[in-house]
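Each chain, written out:
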Amino acid sequence: LTATGGHAGNGLHHAAVRRWVSPIDGKIRIRGSIQNDDDCGDGVRAIITSPRHGTLKNSIVKFGEISESKLDAIEISKGDVIDFVVDCGPDGNFYCDQFVWAPTVQSTDGKTWDAKQQFGGKITKPKHQLDAWERFAHSLLLTNTFMFID
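What this report covers is the structure whose coordinates are included nearby. (Residues numbered from 1 in each chain as written. Predicted model: local features only at pLDDT ≥ 70, side-chain atom pairs only at ≥ 80, totals over all residues. Heavy atoms only, no water.)

1. Details of the overall build of the protein
Step number 1: Helix and strand counts for the protein come out as 3 helices and 10 strands.
Step number 2: Mapped in sequence order, the helices and strands of the protein form the string β-β-β-β-β-β-β-β-β-β-α-α-α.
Step number 3: Relative to a compact globule of 150 residues, whose C-alpha radius of gyration would be 15 Å, the protein shows 20 Å and is clearly more extended.
Step number 4: For the C-alpha atoms alone, the extent of the protein along its principal axes is close to 60 × 40 × 25 Å.
Step number 5: Expressed as a percentage of the 150 residues in the protein, the buried residues total 32%.
Step number 6: Taking all contacts inside the protein whose residues are at least 6 apart in sequence as the whole, residues at least 24 apart take part in 73%. (Helix = DSSP H or I, 4+ residues; strand = E, 2+ residues; numbered from the N terminus. Rg over C-alpha atoms; globule rule 2.2 N^0.38 Å. Buried < 20%, exposed > 50% of the residue type's maximum accessible area, 1.4 Å probe, protein only. Contact = heavy atoms within 4.5 Å.)

In structure tokens:
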């Protein structure tokens, strides 16, 4: 999953999920379009859902099609969740399920949350980089000799 899209996952038990948690009380609107980016396969299923409201939108998108998400006046409270889910569709065929979808959520007061602009957090370096001996020990522990002791 990237800021602009991703792949649906390997079957119906795996999906790409982008989650938005409301920082406000009020009403929101959702915008964005999804398209299947591959010219093979049976398409992807895009679902906008919320525990509070249930399924807000459910569409299947095949290659060359675009499904617009235009939802207005959704009542939310602080902490409410909106999930943007993409799976491989009802047939379960996960081949060629690359998609493009970067939804936006906008409050009535004009505050906008944009997946394309704001996806992800800060990239931080690990606190401890392994030195040469630690990498060597790690490599040894992953060899068959150490992994399969009779």
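Here the narrative resumes, following the displayed structure.
2. Details of the pattern of salt bridges
Step number 1: For the structure on display, the rule yields 4 salt bridges.
Step number 2: Linking arginine 19 and aspartate 83 is a salt bridge whose minimum nitrogen-to-oxygen distance equals 2.7 Å. In this pair, arginine 19 is assigned in strand β2 (residues 16-21) and aspartate 83 in strand β7 (residues 81-87), connecting sequence segments 64 residues apart.
Step number 3: The class of arginine 19 is exposed, set by a relative accessible area of 57%.
Step number 4: Across the pair aspartate 72 and arginine 31 runs a salt bridge whose closest N-O atoms are separated by 2.9 Å. Of the two residues, aspartate 72 sits in strand β6 (residues 66-76) while arginine 31 sits in strand β3 (residues 26-36), which places them 41 residues apart along the sequence. (Salt bridge = Lys/Arg side-chain N within 4 Å of Asp/Glu carboxyl O.)

3. Focus: the environment of threonine 4
Step number 1: Along the chain, threonine 4 falls in the segment before β1 (5-7).
Step number 2: A relative accessible area of 36% means that threonine 4 is categorised as partly exposed.
Step number 3: Taking the C-alpha atoms as reference points, threonine 4 and glutamine 117, separated by 113 residues in sequence, lie 9.0 Å from one another.

4. A short note on the state of the cysteines
Step number 1: For the structure shown, the criterion picks out 0 disulfides.
Step number 2: Cysteine cysteine 88 remains unbridged, with the sulfur of cysteine 96 as its closest cysteine sulfur at 12 Å.
Step number 3: By relative accessible area, cysteine 88 is classed as buried at 0%. (Disulfide = S-S within 2.5 Å.)

5. Topic: the packing of aromatic side chains
Step number 1: Overall, the coordinates contain 3 aromatic pairs when judged by the stated rule.
Step number 2: Aromatic pair phenylalanine 84 and tryptophan 101: ring centres 5.7 Å apart, planes at 80°, arrangement edge-to-face. Here the residue phenylalanine 84 occupies a position in strand β7, and tryptophan 101 occupies one in the loop between β8 (98-100) and β9 (104-107), the gap between them amounting to 17 residues.
Step number 3: For phenylalanine 84, a relative accessible area of 4% translates into the label buried. (Phe/Tyr/Trp six-rings, centres within 6.5 Å; stacked < 30°, edge-to-face > 60°.)

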